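One-letter residues, chain by chain:
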Number of protein chains: 2
Amino acid sequence: MAEQARDERFDHLFASTVRDRLDGGRYGGSASPAAEDAVPLTYGFPYPESFPTAELVAATETVLEEEAADVLQYGGGEYAERLHDGLLAREHDRGIDASREELIVTNGATYALDAIASTFVDPGDEVLVESPTFVWSLSVLDNRGAELTGVALDDNGLDPDALEATLEAREAAGEPTPKLLYTIPEFQNPTGATLTRERRERVLELAAEYDFLIVADDAYGELRFAGESPPPLAAMDDSGRVIRVGTVSKTIAPGVRTGWIVAAEPLAEQIGTMVAGGTNTFTQSVLGRYIDAGHYGPTLERLLDGYEKRRDAMLDALERHLPAGSSWTEPEGGFFLWVTLPEGVDAEEMLPLAAEEGVTYLPGERFFVDDSGRGTRSARLSFSHCSPAELDEGIAALARATERYLD
Amino acid sequence: MAEQARDERFDHLFASTVRDRLDGGRYGGSASPAAEDAVPLTYGFPYPESFPTAELVAATETVLEEEAADVLQYGGGEYAERLHDGLLAREHDRGIDASREELIVTNGATYALDAIASTFVDPGDEVLVESPTFVWSLSVLDNRGAELTGVALDDNGLDPDALEATLEAREAAGEPTPKLLYTIPEFQNPTGATLTRERRERVLELAAEYDFLIVADDAYGELRFAGESPPPLAAMDDSGRVIRVGTVSKTIAPGVRTGWIVAAEPLAEQIGTMVAGGTNTFTQSVLGRYIDAGHYGPTLERLLDGYEKRRDAMLDALERHLPAGSSWTEPEGGFFLWVTLPEGVDAEEMLPLAAEEGVTYLPGERFFVDDSGRGTRSARLSFSHCSPAELDEGIAALARATERYLD
């Protein structure tokens, strides 16, 4: 079948970042083979029963009954304001004292990152990212023309020695130091790693020394079901260099598409000017009422239980099914773990075979900003979405695919 | 009281568009004096009773009862898809045959414009706008580094002669022609003017001749309560050069923060890559159900009646109260009219006095991209928000302020 030619009539009118990638994105996509019967370990979807549906129905009824004329209007009313209060209270519980002026509620965390990138990144500016890191964030930073440089990460999170070496090398070469470091310090996507307290201190010191800002994407921090959390970077910082990004996608539901930014006032003020358009005050009001009615904490408790069971099921299945030469991370929270398959496996190349055997995943190399071949043997596995029984089936299928591939 | 100094520690880290306007925005803001007792003719808010509250409650209950696991998940389910079907059907009724691939649902129309600007505008690129035009759109285009040039507009909308003269002059000077023309063809914000059919044809011809795209912001087109609409630009175009922006903010409610883009597929495909993050599938599902249940048309009929009454009340009050030497537009739909006060009035300077007398508005000069002083005597008046009795009070206050100012 002949493929239809791309319509190129308007190509010259695109902005340069768009023109540069007309033949395909610069970074690994999240496309996955269509495999209806395969167990999907691909995406970071919450499990279907996790959603507090009845509570959201009740909250919607309440806010529309009590203040529809504000809820549905530009700007919102009392309940939208209570969402702000509720988020500030949760930040406070994490050790972060932010004022109302330092909080910006956004249409989701990815859009929050886009607004931050728009505020700081001129095309060609250097931004440091973890290597590997969340592919979608790479695309967002790329949209704003950022030049991305990866910094190595291990089981203890971002490696401050590697970070320092990168910064020193740039300085020695007379290159400008980066404006931003984008990091996911808690239950990192894709590895599940959490940055240790000692490393947090070093990262903050380096930010001051080399004069950059830290964008801390904290999508998973509240989802710790075992162990102890180090304080968030922002709670350890008094310089105002840490910009936090949060979301309720993992603690309430992705569909309500609500995230936030906490940043020092001079930064928040300018980020606010780059947020295009108003926010969804209908949803904000529903969430404000939801939090006000006391549902946030109990739902989170229930989710921790659900995610811990799923992580346990996946770890157990990995132990029982995977061939010798495999290894994996053992995160104490979040949605993902990072598996490394035996020598000789190319997880990207193996993906169609895996789908045939009954499992899909995101190949590791897609999460790296360069083509150094790191991650070739690895994959991100999501334990958030499937039932424990499905997770077992999925890992068994991964084991079969690996054995067939190596055979 | 000493004003606190701005914290300038991080100024050097901002992107250049942000740095360039640290001392204040380049375009007129929408700030208005605090005047609690004044009649607000300032903002384009729908009137409170316009909202279909009961229908939205019912729609929320239905979608969460029938498919909560999809509604609250990434991607959405059947009802989010029905919103797409419903919007395509409404576009079809306006004469536009768009495919599913040519429709992008966004978190509101302003964000839609931001995604379009991000797709086409490199910093320094020329973008043409109507003069006057919607201030918030100016900020969004400015955020993406656009150089804005105003094109004159009169009671029949954008002036094609002025447009052609601008394009010819640029070409003669060896300057690049603009990539985009941003226009509000229906019940323009701020003037209420609608582009005539003949002018639409000329604008389309000029787009082909000078090779630019037209962004047609159609926030108000469905709100015609008198007269006949010319076809939308996209319905008259077969070149694929028209990008439409729509919103339900004026036909359902601003708080649900949902807009859309319709563009030819090669454009839509790239715009889609610049839309950061997912959309609010909770809200989309509610709106999909709302449309599916047949509420869109009947609500719109009710709103037309409400807005026509308000426009009539405002026209009547202008006639009765304003001093000789005043004039105003008489739009057949939308939210706004444009008043021009007698010689000697500076509407910006008069605003505090007007607030004292009991009315607020947005001064005309804020809607112009240059400082040519056009609009000094003018103001945008919104008839969408207040009751007919309040509108009368507000215009009486405007008349008193004008007389005191000129006295």
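Within each chain, residues carry numbers counting from 1 in the order of the written sequence. Lettering of chains starts at A and numbering of ligands starts at 1, both following the order in which they are written. A pLDDT threshold of at least 70 governs which residues receive local features in this predicted model, and a stricter bar of 80 or more applies before side-chain atom pairs are shown or counted, although totals over entire chains, interfaces and linings include all residues. Neither water nor hydrogens contribute to the side-chain values; these are computed over all heavy atoms in the structure.

The name given to chain A in an unreviewed UniProt entry is Aspartate aminotransferase, with the source organism recorded as Halolamina pelagica. Chain A has a UniProt comment under Sequence similarities (unreviewed entry) that states "Belongs to the class-I pyridoxal-phosphate-dependent aminotransferase family." As its UniProt record puts it under Subunit (unreviewed entry), chain A is described as follows: "Homodimer." UniProt positions are given in the numbering used here, feature names are shortened, and annotations may be inferred rather than shown by experiment.

A. Local environment of the overall build of chain A. Starting at the N terminus, helices and strands are each numbered in turn, a helix being any DSSP run of H or I of at least four residues and a strand any DSSP run of E of at least two. When helices and strands are counted, chain A shows 13 helices and 14 strands. Taken over C-alpha atoms, the radius of gyration comes to 22 Å for chain A, in line with the 22 Å a tight globule of 407 residues would show. Seen through its C-alpha atoms, chain A measures out along the principal axes to roughly 65 × 55 × 55 Å. Each of the 407 residues in chain A was classed as buried or not, and the buried ones make up 62%. Within chain A, contacts between residues at least 6 apart in sequence are counted, and of these 75% link residues at least 24 apart. With residues, only the protein chains shown are counted as cover, and all accessible areas are computed by Shrake-Rupley using a 1.4 Å probe. As displayed, chain A has an accessible area near 14,900 Å², and 45% of this comes from carbon and sulfur atoms. Side chains of chain A carry 33 positive and 75 negative charges; the gap between the two charge centres is 2 Å. We compute the radius of gyration from the C-alpha atoms alone; for a globule the expected value is 2.2 Å times N to the 0.38, where N is the number of residues. For the exposure calls, accessible area comes from a 1.4 Å probe over protein chains only, and a residue counts as buried if that area is under 20% of its type's maximum, exposed if over 50%, partly exposed in between. A contact between two residues is defined here by any heavy atoms of the two lying within 4.5 Å. In this tally, Asp and Glu contribute negative charge and Lys and Arg positive charge; neither His nor the terminal groups of the chain are included. All charge positions are set by atom: Lys at NZ, Arg at CZ, Asp at CG, Glu at CD.

B. Focus on the interface of chain B and chain A. Between chain B and chain A, the contact holds 71 residues from the first and 71 residues from the second. By buried area we mean the combined loss of accessible area, with a 1.4 Å probe, across both parts when two parts are placed together. Taken together, the two surfaces of chain B and chain A that pack against each other cover about 6,300 Å², and 60% of this comes from carbon and sulfur. Area buried by chain B at its contact with chain A is led by B:L13, B:L72 and B:Y74, which between them contribute 12% of it. In the analysis that follows, any N or O atom pair within 3.5 Å is treated as a polar contact, provided that within protein one partner can donate a hydrogen and the other can accept it, and provided that, for residues neighboring in sequence, both atoms belong to side chains. In this structure, the connection of chain B to chain A is made through 35 residue pairs in polar contact (both at pLDDT 80 or more). Of all the secondary structure elements, the ones that give two or more residues to the side of chain B that touches chain A are α1 (16–19), α2 (53–71), α4 (109–120), α5 (135–143), α9 (265–274) and α10 (281–292) of chain B. Throughout this entry, Asp, Glu, Lys and Arg are counted as charged residues, while Ala, Val, Leu, Ile, Met, Phe, Trp, Tyr, Cys and Pro are counted as nonpolar. The remaining residues, Gly among them, count as polar. Looking at the side of chain B that touches chain A, its residues break down into 33 nonpolar, 25 polar and 13 charged.

C. Molecular detail of the relation of the copies chain B and chain A. Least-squares fitting of chain B to chain A yields an RMSD of 0.0 Å, with the transformation described by 0.0 Å of translation along the axis and a rotation of 180°. Taken together, the rotation and translation relating the two chain copies correspond to the operation of a two-fold axis. Most of the interface of chain B is mirrored in chain A, where 100% of its interface residues again form contacts. For the least-squares superposition of copies, only C-alpha atoms count, and only for residues with pLDDT at least 70 in both.

D. Representation of the sheet that holds strand β10 (residues 327–328) of chain A. Residue and element names in this part refer to chain A. On the basis of which strands lie adjacent, the open sheet formed by four strands has the order β10-β11-β14-β13 and antiparallel pairing. At either margin of the open sheet sits one strand with a lone partner, and together these are β10 and β13 (362–363). Against the sheet, helix α11 (residues 296–321) contacts β10, β11 (336–340) and β14 (378–382), and its axis sits at roughly 10° relative to β11. A pair of strands counts as paired when DSSP detects no fewer than two bridges linking them. Helix axes use the C-alpha atoms of the stretch in contact, all axes being lines fitted to C-alpha atoms, and the angles between their N-to-C directions lie in the range 0 to 180 degrees.

E. Local environment of the UniProt feature "domain: Aminotransferase class I/classII large" (unreviewed entry) in chain A. Under the feature "domain: Aminotransferase class I/classII large" (unreviewed entry), the UniProt entry names residues 65–398 of chain A. Taken end to end, residues 65–398 of chain A has its terminal C-alpha atoms 51 Å apart, with 43% of it in helix and 16% in strand.

F. Representation of the nonpolar core in the model. If you look at the biggest cluster of nonpolar residues, it comprises 259 residues, and the most contacted ones within it are A:L381 and B:L381. When residues no more than four places from it in sequence are discounted, the contact partners of A:L381 are A:L41, A:M314, A:L318, A:F335, A:F336, A:L337, A:V339, A:Y361, A:I395 and A:L398. Each nonpolar core is a collection of buried residues, namely Ala, Val, Leu, Ile, Met, Phe, Trp, Tyr and Cys, held together in the definition by side-chain atoms within 4.5 Å.

G. The arrangement of helix α7 (residues 197–210) of chain A in detail. Residues and elements named next belong to chain A. Residue count minus one, scaled by 1.5 Å, sets the expected span of a helix. The terminal C-alpha atoms of α7 lie 20 Å apart, and with 14 residues this matches the ideal 20 Å at 1.5 Å per residue to within 8%. Residues of α7 that are buried: R199, R200, V203, L204, L206, A207 and Y210. Down the axis of α7, the sector holding all buried residues measures 160°, keeping them to one side. Away from its buried face by more than 90 degrees, α7 exposes E198, E205 and E209. Just beyond α7, the residue with positive phi is D211, at close to 60°. Each C-beta atom gives one direction from the helix axis, and the arc is the one those directions make.

H. Representation of the packing of aromatic side chains within the structure. Stacked, tilted and edge-to-face are the three classes assigned to paired rings of Phe, Tyr and Trp, where Trp is represented by its six-membered ring and a pair needs centres within 6.5 Å; plane angles under 30 degrees give stacked, over 60 edge-to-face, the rest tilted. One pass over the full model with this rule turns up 24 aromatic pairs over all chains. Between A:W338 and A:F368 the ring centres are 6.4 Å apart and the planes differ by 55°, which places this aromatic pair in the tilted class. Of the two residues, A:W338 sits in strand β11 while A:F368 sits in the loop between β13 and β14, which places them 30 residues apart along the sequence. Accessibility classification places A:W338 together with A:F368 in one group, the buried group. Judged by centre distance (5.2 Å) and plane angle (75°), the rings of B:Y47 and B:Y307 are edge-to-face.

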